[in-house]
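Structural characterization, general
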Amino acid sequence: MLVLAIDTALDACAACVLDTDEGRLLAHESLPMKRGHAEALMPLIARVIDSAGIAFSSLDRIAATTGPGSFTGLRVGLSAARGIALAAGKPAVGVTTLMAYAAPVVGENRESPVISVIDARHDHVYFQVAGGDGSPLVLPQVAPVEEALAASRFGAPHLVGNAARLLADRWPAHASPPVAVDPQAAPDIAWVAWLAAAVDPDAAPPRPTYLRAPDAKPAGDLLHKTSRPAASS
């Protein structure tokens with residue numbers, strides 16, 4: 001299977017082509033990036049496809065990270081994945097950012113729980129907790145940092161994600177300290193591709209995983225909320 005994976009959810013613009021039959025990436029590129037994903041993504045994908053030496057029509061599956069992450073970034077990656085899938089006549093699938101962070105750690109088959117965590121700003125984080133075998137302990141959610149720290153009850157964890165250091169710095173003194181702190185700015189695009197290859201397309205649609213409403217509201221919504229009906233005569 002040939003999988004094109006795309007990630008624009010956080011502070012990177014990344015894509016790769018995975019050949020599952022050969023068990024390797026044919027091409028990949030990742031650029032650190034906080035803004036500008038919309039302008040950078042399609043040229044980056046074109047370079048990756050060219051480097052892989054394949055045509056878009058040869059792809060078997062197109063994947064994108066679904067979040068949580070930047071609202072603007074998510075729309076860029078998901079729109080590209082759906083458009084390429086439509087043009088190629090192939091399925092598009094989604095992979096959550098939290099799962100993409102956790103997957104390589106779970107793949108090491110260690111006993112420690114894995115907490116994947118993303119900065120949600122305003123002293124909140126998006127997080128999930130998995131056992132060392134991948135079993136779910138806490139489902140994906142958004143919570144204040146203090147509430148997320150309650151996951152210390154599962155034992156000394158491996159913290160991974162762009163808020164891993166944030167959690168580590170506030171880890172409860174009475175709890176077993178983390179066995180590892182891995183503050184990645186974005187998940188490994190190769191693992192996005194491997195996860196995408198494993199999912200059932202019907203069970204993993206390419207739709208945003210927001211977990212909460214956006215901070216910024218469209219102007220029309222604000223106008224609607226602040227306007228008042230005219231007084232009747």
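Residues numbered from 1 in each chain as written. Predicted model: local features only at pLDDT ≥ 70, side-chain atom pairs only at ≥ 80, totals over all residues. Heavy atoms only, no water.

Focus: the nonpolar core
The biggest cluster of nonpolar side chains holds 27 residues, and the ones touching the most others in it are Leu4, Ile6, Val17, Ile45, Ile54, Leu59 and Ile62. Put simply, the parts of the chain that give this core at least two residues each are strand E1 (2-7), strand E2 (12-19), strand E3 (24-32), helix H1 (37-52), strand E4 (61-65) and helix H2 (71-88). Not counting residues up to four positions away in its chain, the partners in contact with Val17 are Val3, Leu4, Arg24, Leu25, Leu26, Ala27, Val48, Ile49, Ala52 and Ile54. Core analysis: the next-biggest nonpolar cluster, separate from the first, contains 18 residues, Val125, Val145, Ala148 and Leu167 among them. (Core = buried A, V, L, I, M, F, W, Y, C linked by side-chain atoms within 4.5 Å. Buried < 20%, exposed > 50% of the residue type's maximum accessible area, 1.4 Å probe, protein only. Helix = DSSP H or I, 4+ residues; strand = E, 2+ residues; numbered from the N terminus. Contact = heavy atoms within 4.5 Å.)

Some points on the sheet that holds strand E5 (residues 92-95)
As summarised here, the arrangement of the five strands in space is E3-E2-E1-E4-E5, forming an open sheet in which the pairing is mixed. At either margin of the open sheet sits one strand with a lone partner, and together these are E3 and E5. The average angle at which neighbouring strand axes cross in this sheet is 15 degrees, direction not considered. Here E1 pairs with E2 via six bridges, running antiparallel. Residue Ala5 lies in a different strand from E2, and its bridge partner there is Cys16. Here H1 sits on the sheet and contacts E1, E2 and E3; the angle it forms with E2, its principal contact strand, is near 25 degrees. (Pairing = 2+ DSSP bridges. Axes fitted to C-alpha atoms, helices over the stretch in contact; angles between N-to-C directions.)

Some points on the confidence of the model for the chain
This prediction gives the chain a mean pLDDT of 91; 91% of its residues lie at or above 70. Segment residues 216-233: pLDDT under 50, and two contacts once partners within four positions in sequence are set aside and those in other chains are kept. (pLDDT = per-residue confidence, 0-100.)

Quick notes on the environment of Trp191
Looking at the secondary structure, you find Trp191 in helix H6 (residues 189-198). Distance from Trp191 to Ala102, taken between C-alpha atoms, is 9.4 Å for residues 89 residues apart in sequence. The contacts of Trp191, once residues within four sequence positions are left out, are Ala100, Ala103 and Pro104.

Digging into the environment of Arg61
With respect to the helices, strands and loops of the structure, Arg61 is situated in strand E4. Considered as a pair, Arg61 and Leu166 are 105 residues apart in the sequence and their alpha carbons are 35 Å apart. When neighbours within four sequence positions are excluded, Arg61 is seen to be in contact with Met1, Leu2, Val3, Leu4, Pro91, Val93, Ala196, Ala197, Ala198, Val199 and Pro201. At 2.8 Å, the side chain of Arg61 forms a polar contact with the backbone oxygen of Ala196. (Polar contact = N/O pair within 3.5 Å; in protein donor to acceptor, adjacent residues only side chain to side chain.)

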